[in-house]
Amino acid sequence: MTITPSNMFTEQNVVLSGSHTHSGPAGFFQYLLFEVTSLGHIEQSTEAFVNGIVESIEQANANLQPGTIKVGVGNVNEGNINRSPTSYLLNPESERNEYTHDTEQEMTVLRMEDLNGDPFGMVSWYPVHLTSMNFSNLLINSDNKGRASTLFEKQMRKAGETLGGKESFVGVFAQANLGDVSPRTNGPICIDSGRDCDDLTSTCGRFPRPDPTKCVGFGPGVDMFDSTDIIARRQLTTATDVFASASEEVTGSVGFIHQYVDMSKASVTLDDGSTVSTCKAGLGYSFAAGCTDGAGPPIFTQGTTNGTVFWDTIRDVIAQLVCKVQPTDEYYQCHRPKPVLLPTGYMDRPRPWHPEIVDVQMLKVGQLVIAAVPGEFSTMAGRRLRKTILNKAIEQGMPDNTKVVIAGLANVYTHYMTTNEEYEAQRYEAASTIFGPHTTRAYLQKFEELMGVWANGDVGSMDPGPSPEYSPQSQSPIAPRPAVDEVPAGVSFGDVMDDANATYVAGDVARVTFYGANPRHNMKLGSTYLEVQQKVTGLWKTIFTDADWETKFTWWEKNTTAPTDITLMDTLFDLIAYLTGKRFDIRKALEMEEKGEFPMTSGDGNEGLLKTMEQAGLLRNEPRVDSNSQKLSLSVESYVSIEWQIPEDAVGIYRIVYHGDSKAPGGRVTPFSGYSKEFMVEAPTGSGYSVENAGA
């Protein structure tokens, strides 16, 4: 990062904490496991993230001013539930009795104001997954926390500020220990019968085919858009109230401490004084099962503590293909009772599939300590971490009013961190605790150690730890890059296919379809793909953009539909085929296993395993295709649909505008715009609104 010549911002004092929307773009992480769903690296996603983050830091730095920070705490009403309550109950009763709920209800809020007392920023921490939007959603969005942020910033607008995302006020709804926390507050239910799901496995139906895909969490709204809005507004209500009433001033010094840690072999001291180690990364069977916020294929279930010969064989095939060194028996024993499905700590062809070196970091702002964690701590694991840091801080001389918040999913992502008791149950979160059963204890001891170093003033002499490898040149784009765009003869880019109606009533949805182009040609950083404009005294004024909840932007290619039956296993073996030139037919393997015809040859390091799979017709050579050459000679016709959910108070004359960029043969990209016809929005009967008082 080169923000200033002096490089005042580094990995030491910058925390990148994600809200963790499950409806975001992929392909921006250098570790291969996280690029399975995007079929490798997506350069446009990466550039948009990097440029946006750097620009936001530059803007913040340019707008530095003297001011005060106040802190307050309040409870969110019905903002989350625990999606693995049976695992939570495995924690000691005495510990559970310290808390009234099996999820955190508390939101910590910072109010930032200038020396005149005028507010200009808000940061809040509260744990809840951004899974209000379900698997059927194909639109990029920021889910409940993003919705809450836009609502807060909207209510803090100053005179003349009218567009979402362009406000001077910044409202942040940050993530905390969300590991086992769901926004689907009605809880899970069997969608085929209406009965309760099995408590331990989150499945529906009986042996031998209990089905996790039928056990789905719902609520609190009538659909995913309504649910997102409701959970957003519940967070908004608490943040607004605490922000208004916050009176405790944050005072004292500002500081930071950071160390890289190799979590594949971190030493851990147990209660009896003995020493154990964390494990090289590995994902368990129940990782593939998913959870009630989104299940995986029905062949896996949560709570699996014993593997099968079939899937152990598949695991060994994967290891033979993408591991330079084969996993050892000691490795698999290290993870027990987790049966490892993907030995990602050994998967290193052509580059690592999971990180080993992680950031352990804390920031101090007066009496507030922000613990940046590289993943998703469960509720109880997070409570233990906060208590450990708080006790050590006070022991080392920090004031009694010290507060500790967790900044989740920070700097690097390593899935989940459960307590060792929760780990025994091997539900989704435990199976995704990639460094084994002692992961959380390792973090607790490391954060406690760093707090001691920090308090003693020894930060400058502290070992920075082993630096992670950064290898952008090894990124593997697999999905074809955007093709050349085309339109039918006599048509121009941006022309309207299906226009708006002449008249709408407030509350309707206006929809316009244009001849479009691939939106990846221009990621519109700081700009927009669409505008809803209102005619005011004869001039067009933009009132909504793609930053607003009321609008939807959908792009699709001619004669293509989004696949509905592709699973994580399918895309995993697609990725492996591209990387290795070896195609394993997982669908055929499942069919053979169903018929009792699969060659059950399991065993670590079995040199004849791949040969056996080839003889069975399950493994074949597949020539690699250079993604840079794909679609270069092709042209694609595509379309864009823009929807506007018309607000109840919208009255007047409007139009919808589409901004796109088309790519010509040779690669030249040209911007264009398209416009719907003008249309009238009338007030609902009896509302009192009129076109005249709308200023048209």
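Trainee: I tried to follow helix H9 (residues 379-395) on my own but got confused; where do I start?
Mentor: One full turn of an α-helix is made of 3.6 residues, so residues set three or four places apart face in the same direction. The end-to-end C-alpha distance of H9, which contains 17 residues, comes to 24 Å, matching closely the 24 Å that a straight helix rising 1.5 Å per residue would cover. The complete set of buried residues in H9 reads Thr379, Met380, Ala381, Gly382, Arg383, Arg384, Leu385, Thr388, Ile389, Lys392 and Ala393. In the stretch just after H9, Gly397 is the one whose phi turns positive, near 110 degrees.

Trainee: Is there a simple way to think about the pattern of salt bridges in this case?
Mentor: Think of it this way: side chains of opposite charge can pair up when their charged atoms draw near. In the structure shown here, the tally under the stated rule is 34 salt bridges. Salt-bridge contacts for Glu167 lead to Arg157; the nearest nitrogen and oxygen are separated by 2.9 Å. Pair noted here: Glu167 is in the loop between helix H4 (143-155) and strand E5 (170-174) and Arg157 is in the loop between H4 and E5, with a separation of 10 residues, a long-range link. Its salt-bridge partner being Arg511, residue Glu643 comes within 3.2 Å of it at the nearest N-O pair. With a gap of 132 residues between them, Glu643 in strand E31 (residues 635-645) and Arg511 in strand E25 (residues 509-516) connect regions that are remote in the sequence. A relative accessible area of 21% means that Glu643 is categorised as partly exposed. Among the charged side chains, a network of salt bridges with common partners joins Arg83, Arg184, Asp293 and Glu429.

Trainee: Any chance you could explain the packing of aromatic side chains here in plain terms?
Mentor: Each aromatic ring pair is summarised here by two numbers: the centre-to-centre distance and the angle between the ring planes. Going through the model one piece at a time under the given rule, you end up with 31 aromatic pairs. With a centroid separation of 5.4 Å and 80 degrees between ring planes, the pair formed by Phe29 and Tyr31 is classed as edge-to-face. Classification of Phe29 by relative accessible area gives buried; the value is 18%. Taking the centre distance of 6.3 Å and the plane angle of 15 degrees together, the rings of Phe287 and Tyr428 count as stacked. You can see Phe287 sitting in helix H6 (residues 285-289) and its partner Tyr428 sitting in helix H11 (residues 428-431), a full 141 residues away along the chain. With respect to burial, Phe287 and Tyr428 carry one shared label: buried. One aromatic cluster in this structure is built from Phe493, Phe514, Tyr529, Phe553, Tyr658 and Phe672.

Trainee: Any chance you could explain the sheet that holds strand E10 (residues 254-262) here in plain terms?
Mentor: Strand-to-strand pairing in sheets goes through backbone hydrogen bonds, with the strands running parallel or antiparallel. Taken together, the 4 strands give an open sheet; going across it, the order is E10-E17-E18-E20, and neighbouring strands pair in mixed fashion. The two strands at the open ends of the sheet, each matched to only one other strand, are E10 and strand E20 (403-407). Sheet twist, expressed as the mean angle between neighbouring strand axes with direction ignored, is 15 degrees. Pairing analysis gives 5 bridges linking strand E17 (residues 357-365) to strand E18 (residues 368-372), with the strands arranged antiparallel. Bridging across to E18, Val365 finds its partner in Leu368. Most of the contacts of H9 go to E20, to which it runs at about 140 degrees, and overall it touches E17, E18 and E20.

Trainee: Can you walk me through the pairing of E5 in this structure?
Mentor: A regular strand places its side chains so that they alternate between the two faces of the sheet. Judged from the 5 bridges that link them, strand E4 (residues 119-125) and E5 form a sheet pairing that is parallel. The residue bridging Gly121 from the neighbouring strand is Val170, located in E5. As a crossover connection, the stretch from E4 through H4 into E5 is right-handed.

Thresholds, definitions, all that
- Residues numbered from 1 in each chain as written.
- Predicted model: local features only at pLDDT ≥ 70, side-chain atom pairs only at ≥ 80, totals over all residues.
- Heavy atoms only, no water.
- Helix = DSSP H or I, 4+ residues; strand = E, 2+ residues; numbered from the N terminus.
- Expected span 1.5 Å × (residues − 1).
- Buried < 20%, exposed > 50% of the residue type's maximum accessible area, 1.4 Å probe, protein only.
- Salt bridge = Lys/Arg side-chain N within 4 Å of Asp/Glu carboxyl O.
- Phe/Tyr/Trp six-rings, centres within 6.5 Å; stacked < 30°, edge-to-face > 60°.
- Pairing = 2+ DSSP bridges.
- Axes fitted to C-alpha atoms, helices over the stretch in contact; angles between N-to-C directions.
- Contact = heavy atoms within 4.5 Å.
- Right-handed = clockwise from strand over helix to strand, strands pointing away.

Interpretation in functional terms is not warranted from these geometric data alone.
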